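This is what each chain is made of:
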Amino acid sequence: MPRSPYMHLPPAARSRTVTAVLGPTNTGKTHLAIERMLAHKSGLIGLPLRLLAREVYGRIEERAGTDAVALITGEEKIIPKAPRYWVSTVEAMPLDLETDFVAIDEVQLAGDLDRGHVFTDRLLNLRGQSETLLLGAATVRPLLEKLLPGLNVVTRPRMSVLTYAGSKKVSRLPPRSAIVAFSADEVYGIAELIRRQRGGAAVVLGSLSPRTRNAQVELFQNGDVEHLVATDAIGMGLNLDVDHVAFAGNRKYDGYQYRQLTAAEMGQIAGRAGRHTRDGTFGVTGRVDPLDDELVEQIENHHFNSLKVLQWRNSRLDFASSASLRASLDVVPREDGLARAPIGDDINALEHLLRDSGISTMAKGPKAVELLWDVCQVPDYRKIAPANHAELLSTIYTHLMQDGAIADDWFTRQLAFADRADGDIDTLANRIAHIRTWTYVANRPDWLADPAHWQGVTRGIEDKLSDALHDRLTKRFVDRRTSVLMRRLRENAMLEAEITSSGDVLVEGQHIGNLLGFRFAPDAAAEGPDGKTVRAAAQKALATEIEGRADKLSRSENADFILTADGAIRWRGEAVAKVAAGEEVLTPSVLLLADEYLTGPAREKVQQRLDLWINAQIETLLKPLVDLKSSEGLEGLARGVAFRIVEGLGILERQEASDEIRQLDQDMRASLRKHGVRFGAYNIYVPALLKPAPSQLLSQLWALKHGALDMNGLSDLPQLSASGRTSIPVDETIDKALYKVVGFRVCGPRAVRVDILERLADLIRPLVAWKPLDAEVSPPEGAIAQGGGFTVTVAMTSLLGCAGEDFTAILKSLGYRLETKEVERPVAPKAEEATKSEADAETSVDAVAAPSETVEAPAEALAGEAPDNSPVAEDVSTETVAPSESAGEATEAVEEASADAGEAVETETVTIEIWRPGRGDRRPRPRGQDNRRGGDNRKGGQARGDQGRGDQRGEKRHGGPRNGPKGGKGGGSKSFGGPARNDRAPKKDKPLDPNSPFAALMALKEGMDKKDKS
């Protein structure tokens, strides 16, 4: 190594080779220093910021080459094999170099309480062999001339004019403005405000890593954003294209206290406005009082009070012992113009460490003391607390003294705390501060076993965190879309617009909205001050795309369209129209969902195609209704009935049109059946319309005409119908008419599907019509011995999916009437010797005497069409039928068997429910009106309305066909096939049914007789 030229020069020798280039900002001082250094074979330049050092390094590298330039900062070292030029921060300037040229920038910082002593030491003692330049503000001139006698001073005027622009709101600041605040919270708040109103802002704080600050400055420099929000860090030599500087505050915390900014400090910051020959302005925001005239005059003319003293600290330290080191740091300056610097972080750290007995014990000897002082130079980037920083330094010093180097595993654990890129802005900033400490440690040449490796690791982590922080800052404070568009508009360039296949509308690659069908939905975030201009740029692309879509839609297949539950017609997934109510339910109108871009013939083509599709949809899914409406092939009363069916959307309750139906002849009925009409016991309906798709469409069309598509139950009932539910609970908040539209009939507390009601009638009909031909023959399940009624069976409750009170209410709503009867039945014997035949006998008696137990069964699928010859309950005779005697006969048989056996059989009394057809559904007729058709006065009350003559119209009575013996007067049979009260067939002698309860009782009696004989 060459001899170090660094020495403490006497005042008479300090001005050798030294020139002071002084002047305000934007005078080209830094540019001059770069040019002068490149004119020498070797050079060293010290700069106040790592960020500025990086910028100057890049400029020199471009001209001299990568191998010729070295960069040294406290946290970064790029040193090629044989560099000629060295770029460094002032604190990190290598003092053992011998170069032709030396430059120190911003020498007025020698008056700074925190860093000033370093600048003072360099300007007093560091020299180039051929030339030394001191660059700075004119405020330092008197002190330089005093401390460097014979100094050559060159002043440079500002290249542009700086003018005061007064006070303006943040939202009204001109483009290319920098807003200066003095806390992170203020910076973030202002940046958020600008993002909302002007598209975004770049953010620069002193706590950011150089990489993050570079990235943020680049956003501003390349025009992505028009505003920069920063702390006073921008006053330290950053070259920015700023036209206006606005002060959002005039007080700062300098590390010791909150104080007013000095005029010189405000001038240094305001001087960033304007570049080269472009003039600049400065002012304040609404948060700060307007500047007084005297201050404005000082800033505009760059006339500031000179510095009184420069900060100084002894750099000739004594490392013989910790006490001598502390004493050498306390030395006071002896020259006029110098002041002892306040105690800094490094001295505070030293005092903390020396209070630790373990550290004091290790710090023995010059090398140990010098190492201790070097450890104390580690910057406190984290700013947690002095004690916390001192504890970290203590650990580092202990590793170095005991192990000779910091242990790799311990160093790895420290890095792991920061090696994460998740979290918010503050979290990432704290991690960057943490990793900067370890970057500084890694750049010490002898503190780690492999410093080059760890330098790469720490630099990689810092870069990763810096990129993540830049990303978070950009996402939070920059609306990239708005900023890019505004930049293009300022350039008066034609904006390029395009529409993607997914409908995204892009202008200059930035998303400004979506094309939804034939409507443009602008992005709310794009509706800034230039929103109209942006939409105008997109208009041409929109018009072309919409016209092309209209042509495609007009040629689309029916499968490309769908009607959604909200009444929208979607074409290839996009809503293009809404269905609205027309004059009739089956003739809705189609309203286009399109804006002004769809006009003329293109609009007509779209309208015609959508009208054609909705009509085809109705004609396909609701074809039976459409055919009934046209009445093709229908004549006379059949046309009227068809009209009533269409009016009821495929369902007509039979009782509402009993007169018309009664008058239909067989030809008329056949013509209606050809159109899919079924004549049921309770309803005249079209089974095809009960399927899910027609039912869904019918409910939508009905809701359009009679209410709104958001009415209660509209979305639920069609789904319940499609799911196969045969009955559902009735919701009182749902319109009863809607139940009918989807194919349900409200029967008390439940609504039952109309086709299921017909299947229920099919189950009841043979039970009511059953008549005993032989007294010893047991009735089928559900029938009663005398006939004319029935009991509820499991098949019935399973069919409807309900039981108990709900099923009872359904039967009553259909017009059936309930009778109860008490009967005697034997009690099951409790003796252990009871035989299986006894149990069977009791079970058989129960089957006759007790009502069928009802259970709830799962809903069945949509039933197929049942036969048409189903009479209704209203058309049956209401003549009282004698109660069933089956249970009574069983009781008598039990008593007889007991008597024969010589002992009594225990019995119990039970109540059974018997249902009989009634007149509950029958419509009231005017008093005196004959209930018989055409005055046909038949005897025995046979011909009661249309159903009394069902055999003449090819239909069965509600109770089934006339398959019983004729009885009653005039040879006519009773309604529902039931016998007259006194028309009971005589008993016949026939073998006893072995499965009957009587056979079981007889077997029991015989067994008891044999036992007695034995």
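No experiment lies behind these values; they were computed from the predicted model shown.

Caption draft 1: Seen up close, the overall build of the protein chain. A tally of regular secondary structure across the protein chain gives 32 helices and 34 strands. Among the 1014 residues that make up the protein chain, the fraction classed as buried is 50%. A fraction of 70% describes how many contacts in the protein chain between residues 6 or more apart in sequence connect residues 24 or more apart. When the accessible surface of the protein chain is summed, it comes to about 45800 Å², and 50% of that surface belongs to carbon and sulfur atoms.

Caption draft 2: Region of the structure containing unusual backbone geometry. A positive phi angle, close to 60°, is found at N26, a residue other than glycine. For N26, the location among the structural elements is in the loop between β1 (18-22) and α1 (29-38). Overall, N26 belongs to the buried group, its relative accessible area being 15%. The phi dihedral of K383 is positive, around 55°, even though this residue is not glycine. The exposure class of K383 is exposed, given its relative accessible area of 57%.

Caption draft 3: Focus on the sheet that holds strand β29 (residues 683-685). Spatial strand order, β27-β29-β28: three strands in an open sheet with antiparallel pairing. Only two strands of the sheet have a single partner each, and these edge strands are β27 (651-653) and β28 (678-679). Bridge count between β28 and β29: two bridges; the pairing is antiparallel. Across the sheet, the residue bridging to F679 is I684, located in β29. Sitting on the sheet, helix α27 (residues 754-769) touches β27, β28 and β29, and the angle it makes with β29 is about 130°.

Caption draft 4: Representation of the sheet that holds strand β11 (residues 202-204) in the model. The parallel open sheet is built from six strands, whose spatial order is β9-β16-β13-β10-β12-β11. Of all strands in the sheet, those with a lone pairing partner are β9 (162-168) and β11, marking the two edges. Going from strand to strand, the sheet's axes swing by 20° on average, the running direction of each strand aside. Both strand β13 (residues 244-247) and strand β16 (residues 280-285) contribute to a ladder of four bridges, which runs parallel.

Caption draft 5: Focus on the confidence of the model for the protein chain. Summary statistics for the protein chain give a mean pLDDT of 80 and a share of 78% for residues scoring 70 or more. Strand β6 (residues 101-104) holds the highest mean pLDDT among the elements of the protein chain, 96, whereas helix α30 (residues 836-849) holds the lowest, 39. Long-range and interchain partners of residues 831-867, a stretch whose pLDDT sits below 50, account for 73 contacts in this model, where long-range means more than four residues apart. Low pLDDT (under 50) marks residues 920-990, which in the prediction has 144 contacts with non-local residues, meaning those over four places away or in another chain.

Caption draft 6: Expanded view of the state of the cysteines. Tallying each qualifying case throughout the model produces zero disulfides. With no disulfide of its own, C802 has C747 as its nearest cysteine by sulfur position, at a separation of 9.5 Å. For C802, a relative accessible area of 2% corresponds to the buried category.

Caption draft 7: Structural view of the packing of helix α19 (residues 600-621) against helix α24 (residues 692-706). The contact between α19 and α24 brings their axes to 10 Å, and the two run at 125°. Judged on the interaxial angle alone, α24 and α19 are oblique. The element α19 and its partner α24 pack so that their crossing is left-handed. Together, Q617, I618 and L621 of α19 and A693, P694, L697 and L701 of α24 make up the contact between the two elements. Looking at the contact of α19 with α24, its residues break down into six nonpolar, one polar and no charged.

Caption draft 8: A look at the packing of helix α5 (residues 184-198) against helix α16 (residues 451-477). Remark: α5 packs on α16, axes separated minimally by 8 Å, with the N-to-C direction vectors making an angle of 50°. In terms of their interaxial angle, α5 and α16 are classed as oblique. Along the contact surface, α5 presents Y188, A191, E192 and R195, while α16 presents L473, R476 and F477. Of the residues belonging to the contact of α5 with α16, the class tally is four nonpolar, no polar and three charged.

Caption draft 9: Inspection of the pairing of strand β32 (residues 750-753) at higher detail. Both faces of β32 are covered, namely the face carrying R750 and V752 and the face carrying A751 and R753. In terms of strand pairing, strand β31 (residues 744-747) meets β32 through four bridges, oriented antiparallel. Within the sheet, the bridge partner assigned to V746 lies in β32 and is A751. In sequence, β31 turns back onto β32 through a hairpin of two residues, with G748 there showing a positive phi of about 70°.

Caption draft 10: The arrangement of the pattern of salt bridges in detail. Within the structure shown, the criterion is met by 45 salt bridges. E732 is the partner of K736 in a salt bridge, and the nearest nitrogen-oxygen pair spans 3.2 Å. On the basis of relative accessible area, K736 is assigned to the partly exposed category, the value being 34%. By relative accessible area, E732 is classed as exposed at 63%. One network of salt bridges, with partners in common, ties together R50, R54, E76 and E462.

Caption draft 11: Representation of a negative patch on the surface in the model. Together, D185, E186, D424 and D426 give the surface a local cluster of negative charge. For D185, the location among the structural elements is in helix α5.

Caption draft 12: Structural view of the nonpolar core. The biggest cluster of nonpolar side chains holds 71 residues, and the ones touching the most others in it are I569, L610, L628 and L672. Residues in contact with L672, not counting those within four places in the same chain, are L628, L634, A638, V641, A642, L664, V677 and F679. Counting 59 residues, the second-largest nonpolar core is a separate cluster that includes A201, L205, C376 and L400.

Caption draft 13: Region of the structure containing the packing of aromatic side chains. If you walk through the whole model with that rule in mind, you get nine aromatic pairs. Ring geometry for W410 and W438: centres 5.5 Å apart, planes at 85°, overall edge-to-face. One end of the pair, W410, is in helix α14 (residues 408-416); the other, W438, is in helix α15 (residues 425-442), with 28 residues separating them in the sequence. Residue W410 is classed as buried on the basis of its relative accessible area of 11%.

Caption draft 14: The arrangement of the side chain of R436 in detail. Along the chain, R436 falls in helix α15. Sequence-distant contacts of R436, that is, excluding residues within four places in its chain, are made with R50, E75, S207, L208, Y381 and E462.

Caption draft 15: Focus on the side chain of T439. Within the fold, T439 resides in helix α15. Under the relative-accessibility criterion, T439 is labelled buried at 1%. Not counting residues up to four positions away in its chain, the partners in contact with T439 are E75, T458 and E462.

What counts as what
Within each chain, residues carry numbers counting from 1 in the order of the written sequence. Given that the model is predicted, a residue must reach a pLDDT of at least 70 before its local features are reported, and side-chain atom pairs must reach 80 or more before they are shown or counted; all residues, however, enter totals for whole chains, interfaces and linings. Hydrogen atoms and water are omitted, and side-chain values are computed over all heavy atoms in the structure. Helix and strand assignments come from DSSP, with helices taken as H or I runs of at least 4 residues and strands as E runs of at least 2, each series counted from the N terminus. We call a residue buried when its accessible area falls under 20% of the maximum for its residue type, exposed when it is over 50%, and partly exposed in between, using a 1.4 Å probe and counting protein chains only. In what follows, a contact means two residues having at least one pair of non-hydrogen atoms within 4.5 Å. Accessible areas in this description were obtained via Shrake-Rupley with a 1.4 Å probe; residue shielding takes into account the shown protein chains only. In this description, strands pair whenever DSSP reports at least two bridges between them. Working convention: axes come from line fits to C-alpha atoms, limited for helices to the stretch in contact. Angles between N-to-C directions cover 0 to 180 degrees. Predictor confidence is given residue by residue as pLDDT, running from a minimum of 0 to a maximum of 100. Any pair of cysteine sulfurs within 2.5 Å is marked as a disulfide. In these notes the angle categories are as follows: under 35 degrees is roughly parallel, over 145 is roughly antiparallel, 65 to 115 is roughly perpendicular, and the rest is oblique. Less than a right angle of anticlockwise turn of the near helix away from the far helix marks a crossing as left-handed, whereas a clockwise turn marks it as right-handed. In this classification, the charged set is Asp, Glu, Lys and Arg, the nonpolar set is Ala, Val, Leu, Ile, Met, Phe, Trp, Tyr, Cys and Pro, and all remaining amino acids, among them Gly, are polar. We count a salt bridge whenever a side-chain nitrogen from Lys or Arg sits within 4 Å of a carboxyl oxygen from Asp or Glu. Nonpolar side chains (Val, Leu, Ile, Met, Phe, Trp, Tyr) are joined into patches within 5 Å and like charges within 9 Å, using only residues with over 30% relative accessible area and no salt bridge. When charges are tallied, Lys and Arg are placed among the positive residues and Asp and Glu among the negative ones, while His and the ends of the chain are skipped. Here the site of a charge means NZ on Lys, CZ on Arg, CG on Asp, or CD on Glu. We define the nonpolar core as a collection of buried residues of types Ala, Val, Leu, Ile, Met, Phe, Trp, Tyr and Cys that are connected through side-chain atoms lying within 4.5 Å of one another. Only Phe, Tyr and Trp rings take part, Trp by its six-membered ring, and two of them pair if their centres are within 6.5 Å. Stacked means planes under 30 degrees apart, edge-to-face means over 60, and tilted covers everything else.

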